[in-house]
Amino acid sequence: MLVLAAAVVYVVSAPLRGGRSGRLEAEETAEHAELTAARDAKYSEIRDAELDFRTGKLSRADWKAQDQALRAEAIAILRRLDTLEGREDGGGRPLS
Amino acid sequence: MLTLGRACLILALAVSVYGVGASLYGARKGNRAWVASGRRAVYAVAGSLLVAFAVLEAAFLRSDFSFELVAGHSSTTTPLFYRFTAMWSSQEGSLLLWATLLGLWSSLILFLTRNKLREVAPYAAAVLLGFAAFFVSLMVFLETPFARTLGALPAEGVGLNPLLRHPSMMIHPPMLYSGYTLFTIPFAFAIGALVTRRLGAEWIRSTRPFTLAAWLFLGIGVLLGSRWSYTELGWGGYWAWDPVENASLMPWLTGTAFLHSVMLQEKRGMLKVWNVSLVLATGVLAILGTFLVRSGILDSIHAFGASTLGVPFLVLIGVLVAGSVALVVSRSRDLRSEHRLDSVFSRESAFLLNNLVLVGICFVVFWGTFFPLISEAVSGSKASVGPPWFNRYITPLALILVLLSGIGPAIAWRRATLANLRRTMLGPALFAVVVLVALLVGAGVTDKPLALAMFVFAAFVTGTVFQELWRGVKARRAMSDDSVPMAVVSLIRRNRRRYGGYIVHLGIALLFTGIAASSAFQQARDVDLRPGQSARIGSYVVTYVKPTGEVVAASNGRLERIDLGAVLKVSRDGEALATMRSRRSFFPSQAPEFGPISRFFEGEATSEVALDAGVREDVWTVVSPDVRGLLPSVKEGDRVFAAAREGGKLSRAEMDVLLVQALRGLAASYASDPPAATFRLIVSPLVTWIWLGAIVVFLGGLTALWPAPSGATRRVSAAYAARVARELGRA
């Protein structure tokens, strides 16, 4: 039992002893993760809209309109991601 | 070993408390080392609890009666299969199972998110460790699984409750507890997201597999409980709106609502307040369900009886509710929806309605479950609410729910025009009308309008699902050269959430069809029959052929029970259909005041149901033998054995041999000259559809849960990224 307790203490305290210092990533990385999630969700929406069209739930005209709107939203997210990545890379122009 | 088990619990408690502090400190200070240490605390808690779990299981398996729990819930005659699961037939053992599962799932999610959700995860870890600390402290201070048997060690344990000797009962608690503990994962991450105001889609995406797994496990647990009730309990039903049944259903209902409405948040940034409220409510309901079983506060066949755990659980629930409400209110500005509904005719609307119905059902179940308690608190007298009350309010809501299960898949996201709706719903609607006509004309189903409505709506759902599959396959084949089977596989593989969901809806349609048919058209009667006599039920004739009597010993040779039963023959229109066997098993009481023979009739008794299950209908019967005629022989036998024991002329081994002979003689005398036995006879249509529907739901859930192949995801993502990038260049 003492061995188990010692092992637990050793494992749990390892990060405090092992020089794993540093702060949690800045807010921008959290924002990057959220934008990435939003981008993936938007791509999923674009695919869903196409599948809705191909399975007859949307007319071609309705699908085209939705697809255009969704792609515009995706573009906006990509722009924000580019800006963020440009900032995280030390500034300069946003990546294309 | 008792000491080792207790020590593991104390260690787990200490590490949990440390982990809460380390995680919170690391999160507040932004210090990765403390956050990592808090995460490792979760792993260490899981490890300690696993050791404790293994110690207790080993004690059950080797029938170590120095463990009070083993002596009170197992015996050497309990089959090995059930000795393994006897641990969670007890209050203390089930607490240990709950905490161990919580540790395992918590470790998994924190391992998977170790490089992401870096602001949210530490708070989630703190919440999960807080739950662990609560449950472990219950075991350390109040209901320890590692209590030592007081006094001399008994030669034999009390044994497992015979009602629980059923395969479903082996799996039912681990499934339920897996569901409850998995629901604490999205709960904890929702708290973390609210605290850190990181209320985007990332925490939802990361916890979605756990939410879906929770829903799946809890659903399986609920269905296994129903199956056990139907095949073991001897009343012929599968759902009685029992408080503990309801306790497991409520988080499943709100979890189902959350799984739907969260899609609106992911896609449109809508319903953020609703979603966090739902997931927090689901977590609280999971704890509430655990509370209902632990405290014995409501009468139930399942409850462990009044215990010391009621107050701590109430405090925890109070803290969870107050904390959740405070967090949601304080973050209301961050939870504003990004978009509004584009149209009433949209999948978003259907999901919203579906949510309202599911929450409405949950509210009805909640009110009906807690009404006796509220009534007692207010008026001093305990009112009871039975199945008719529940059915009156839930049946119409269930009808709407099934109908929405068909509408949802057939309607587009954002906006559907009337022309689109006509195109997608006409086929399934026509199919439903055909079914309606067939039932009215062919089956003569006219006097049960609610059941008829359910059949028609289920047909509509079935039509929608198959239409969606067919159209998707056609679209897939238009884009590739796949054969039909390959196109089906490819379509589902690329759209697991969507088509997994459709398969679940199909399963729900089957399940509710079975429930409606077996509820509305069941025929039941109780009859007294002597051997050779028959009774009619529906179109069947059930004949009592002969009685049976048997003494059963366990694998180690010790007497386990006496079985008194019946063989029946089922026929229809003169044609023999099945031979059925039902029995009542009498297990001996361990109380010292009973004699060696009478203790078999003073202990637990279970019924073995005779079931002839078919796709169209089930014939169900159970026997209640009349043992009053045996009682004079039982008394005389006790007197003879008492005299022999006092005389001291017979050894223990010789007494055991004579006891077996006496019991066999008793069983044989019942079989040779039986009094009339009481039989409950039931014919239930389409019960098998309930279990089949549950399997389909399970397969659909598994499909939705299965991770997409990463290569395909990358290729698709890259292709779309390129397309969108091209658009960006032209914009």
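Residues numbered from 1 in each chain as written. Chains lettered and ligands numbered in written order. Predicted model: local features only at pLDDT ≥ 70, side-chain atom pairs only at ≥ 80, totals over all residues.

Each helix and strand in chain A was counted, giving three helices and zero strands. Ordered by position in the sequence, the α and β elements of chain A form the string α-α-α. (Helix = DSSP H or I, 4+ residues; strand = E, 2+ residues; numbered from the N terminus.)

The end-to-end C-alpha distance of helix α1 (residues 2–29) of chain B, which contains 28 residues, comes to 40 Å, matching closely the 40 Å that a straight helix rising 1.5 Å per residue would cover. Taken from the residues just after α1(B), G30(B) is the one with a positive phi, measuring 65 degrees. (Expected span 1.5 Å × (residues − 1).)

A word on the packing of helix α5 (residues 91–112) of chain B against helix α7 (residues 167–196) of chain B. Residues and elements named next belong to chain B. It is the contact of α5 with α7, at a shortest axis distance of 9 Å, that shows an interaxial angle of 45 degrees. Compared by their axis directions, α5 and α7 come out oblique. The handedness of the crossing between α5 and α7 comes out as right-handed. Seen from α5, the contacting residues are S94, L97, W98, L101, L102, W105 and I109; seen from α7, they are P173, P174, Y177, S178, T181, L182, T184 and I185. Along the lines of polarity and charge, the residues of the contact of α5 with α7 split into 11 nonpolar, four polar and no charged. (Axes fitted to C-alpha atoms, helices over the stretch in contact; angles between N-to-C directions. Parallel < 35°, antiparallel > 145°, perpendicular 65-115°, else oblique. Left-handed = near helix turned anticlockwise from the far one by under 90°. Contact = placed C-beta atoms within 7 Å. Nonpolar A, V, L, I, M, F, W, Y, C, P; charged D, E, K, R; others polar.)

Let us look at the interface of chain B and chain A. Between chain B and chain A, the contact holds 49 residues from the first and 41 residues from the second. Of all elements in the fold, only α1, α2 (32–61), α8 (202–232), α9 (243–268), α14 (418–442), α15 (449–479) and α21 (710–730) of chain B reach the threshold of two or more residues within the side of chain B that touches chain A. In terms of residue count, α2(B) provides more of the side of chain B that touches chain A than any other element does, 10 residues in total. Considered class by class, the residues forming the side of chain B that touches chain A number 22 nonpolar, 11 polar and 16 charged.

This part takes up the sheet that holds strand β8 (residues 617–624) of chain B. Residues and elements named next belong to chain B. Strand order across the open sheet formed by four strands is β1-β9-β8-β7, with antiparallel pairing between neighbours. The open sheet terminates on both sides in strands that have one partner only, identified here as β1 (523–529) and β7 (610–612). Recorded for the sheet is a direction-independent mean angle of 15 degrees between the axes of neighbouring strands. Bridge analysis of β7 against β8 gives three bridges, and the strand direction is antiparallel. By the bridge assignment, L611 is partnered in β8 with W620. (Pairing = 2+ DSSP bridges.)

Turning to unusual backbone geometry, a few remarks are in order. All names here are of chain B. In this structure, R197 takes a positive phi of about 60 degrees despite not being glycine. Residue classification places R197 among the partly exposed positions, given that 14 C-beta atoms sit within 10 Å. Positive phi, normally seen in glycine, also occurs at W241, with a value near 55 degrees. (Buried ≥ 20, exposed ≤ 12 C-beta atoms within 10 Å, placed from the backbone.)

Turning our attention to the sheet that holds strand β3 (residues 540–553) of chain B. The pairing of strands in a sheet comes from backbone hydrogen bonds and takes either a parallel or an antiparallel form. Residue and element names in this part refer to chain B. Pairing is antiparallel in the open sheet, where five strands are placed in the order β2-β3-β4-β5-β6. The open sheet has two edge strands, β2 (534–537) and β6 (605–608), and neither has a second partner. Neighbouring strand axes in the sheet, compared pairwise and without regard to direction, differ in orientation by 25 degrees on average. In terms of strand pairing, strand β4 (residues 559–572) meets strand β5 (residues 575–586) through 11 bridges, oriented antiparallel. Within the sheet, the bridge partner assigned to V567 lies in β5 and is R581. Relative to β3, helix α19 (residues 652–672) is tilted by about 170 degrees, and along the sheet it contacts β3 and β4.

Below, the discussion takes up the confidence of the model for chain B. In low-pLDDT segments, the atomic positions of the prediction should not be examined closely. Averaged over every residue, the pLDDT of chain B is 89; residues scoring 70 or more account for 95%. Among the prediction metrics, the complex's ipTM stands at 0.81, with pTM recorded as 0.90. (pLDDT = per-residue confidence, 0-100.)

What follows concerns the packing of helix α13 (residues 387–410) of chain B against α15(B). All names here are of chain B. Between α13 and α15, the least distance of the axes is 8 Å, while the angle of their chain directions is 15 degrees. Our classification of the angle between α13 and α15 gives roughly parallel. Handedness of the crossing formed by α13 with α15: left-handed. Facing T395, L399, V402, L403, S405, G406, P409 and A410 of α13, the residues of α15 in contact are L450, A453, M454, F457, A458, F460, V461, T464, V465 and E468. Its residues assigned to classes, the contact of α13 with α15 shows 13 nonpolar, four polar and one charged.

Moving on, we come to the domain arrangement of chain B. Residues and elements named next belong to chain B. Partitioning chain B into domains gives domain 1 (1–159), domain 2 (166–341), domain 3 (421–521 + 691–730) and domain 4 (523–688). One C-alpha centre belongs to domain 1, the other to domain 2; they are set 21 Å apart. Going through the elements one at a time, α5 and α6 (120–141) are the ones with two or more residues in the side of domain 1 that touches domain 2. Here the side of domain 1 that touches domain 2 gets nine residues from one element, more than from any other, and that element is α6. Broken down by class, the residue content of the side of domain 1 that touches domain 2 amounts to 18 nonpolar, four polar and three charged. (Domains from an automatic or database assignment.)

Here we come to the environment of V441(B). Looking at the element boundaries, V441(B) is found in helix α14. Distance from V441(B) to A478(B), taken between C-alpha atoms, is 41 Å for residues 37 residues apart in sequence.

With that out of the way, let us pick up the environment of V140(B). All names here are of chain B. Note on placement: V140 falls in helix α6. V140 gets classed as partly exposed once you count the C-beta atoms within 10 Å, which come to 17. Residue contacts for V140: discarding those within four places in its chain leaves L9, I10 and L13.

Residues and elements named next belong to chain A. Per-residue confidence for chain A gives a mean pLDDT of 80, with 78% of residues at or over 70. When pLDDT is averaged over each element of chain A, helix α1 (residues 2–17) comes out on top at 88 and helix α2 (residues 27–54) at the bottom at 83. Confidence drops under pLDDT 50 across residues 90–96; counting only partners more than four residues distant or on other chains, this segment forms nine contacts.

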